[in-house]
Structure formats: structure tokens, C-alpha cells
Amino acid sequence: MVLHTSWMSDESSLRMHHLMNSIDVYLYDIVTGQMIPVVVDDMECKYKTFKGEGGKMVNYAINVTIAHDRIRRR
């Protein structure tokens, strides 16, 4: 499954490395209220620069797979 962010500022995008390096990532289903554990496989980013301003916006495409629950049995 591929998730897309909106265009983010440099300041906001600086926090995205926390998502890529985390082992505890969840999607929240706003319809059911369910938290779904996922594994972040990889990320791509695109930059949009503004001529004369020096600022840029960043857009991410995040590839995730749904994590499988594991139950420890005795």
C-alpha cells in the first residue's frame, strides 16, 4: 500500500526520518477507529522549489505493508 503526504514545508519534513526509523508505526482508520500496525518498507520524496525564494516543499510516497500479529503460545 502506498501512502502520500501533502506538500510539506522543510520544517515539517525534517521529522519524517522518525517515521522511517520507527518499528512502531500505525495507521488510524477514522471510520472504524481501529489502529492498524504497519511496516514501513521504503519512502520516496519529491521536491518543489520556488524560484527566487529559496524555499522548497517536500512530498512523500511511503510504501507500507500491514504487519502480521504474532501470538506467543505455550
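See the structure shown above.
> Teacher, can you tell me more about the side chain of threonine 5 here?
Topologically, threonine 5 is positioned in the loop between strand E1 (2-4) and strand E2 (8-9). Reaching out from threonine 5, the side chain makes a polar contact with the backbone nitrogen of tyrosine 60 at a distance of 2.9 Å. For threonine 5, the contacting residues outside a window of four places in its chain are Met16, Asn59, Tyr60 and Ile62.

> Teacher, can you tell me more about a nonpolar patch on the surface here?
A contiguous nonpolar surface patch, about 630 Å² in accessible area, is contributed by Tyr26, Tyr28, Ile30, Val31 and Met35. In this fold, tyrosine 26 is placed in strand E3 (residues 25-29). For tyrosine 26, a relative accessible area of 46% puts it in the partly exposed group.

> Hey, could you run me through the pairing of strand E5 (residues 56-66) in this one?
Strand residues, when the strand is regular, have side chains that alternate between the two faces of the sheet. As defined by bridge partners, E1 adjoins E5 across 3 bridges and the pair is classed as antiparallel. Counterpart to histidine 4 in the pairing with E5 is alanine 61. Pairing between strand E4 (residues 34-49) and E5: 11 bridges, direction antiparallel. Following the sheet pairing, threonine 49 is matched in E5 by lysine 56.

Reading the values: rules and limits
Residues numbered from 1 in each chain as written. Predicted model: local features only at pLDDT ≥ 70, side-chain atom pairs only at ≥ 80, totals over all residues. Heavy atoms only, no water. Helix = DSSP H or I, 4+ residues; strand = E, 2+ residues; numbered from the N terminus. Polar contact = N/O pair within 3.5 Å; in protein donor to acceptor, adjacent residues only side chain to side chain. Contact = heavy atoms within 4.5 Å. Patch = residues over 30% accessible without salt bridge, like charges linked within 9 Å, V, L, I, M, F, W, Y side chains within 5 Å. Areas by Shrake-Rupley, 256 points an atom, 1.4 Å probe, with all protein chains shown as cover. Salt bridge = Lys/Arg side-chain N within 4 Å of Asp/Glu carboxyl O. Buried < 20%, exposed > 50% of the residue type's maximum accessible area, 1.4 Å probe, protein only. Pairing = 2+ DSSP bridges.

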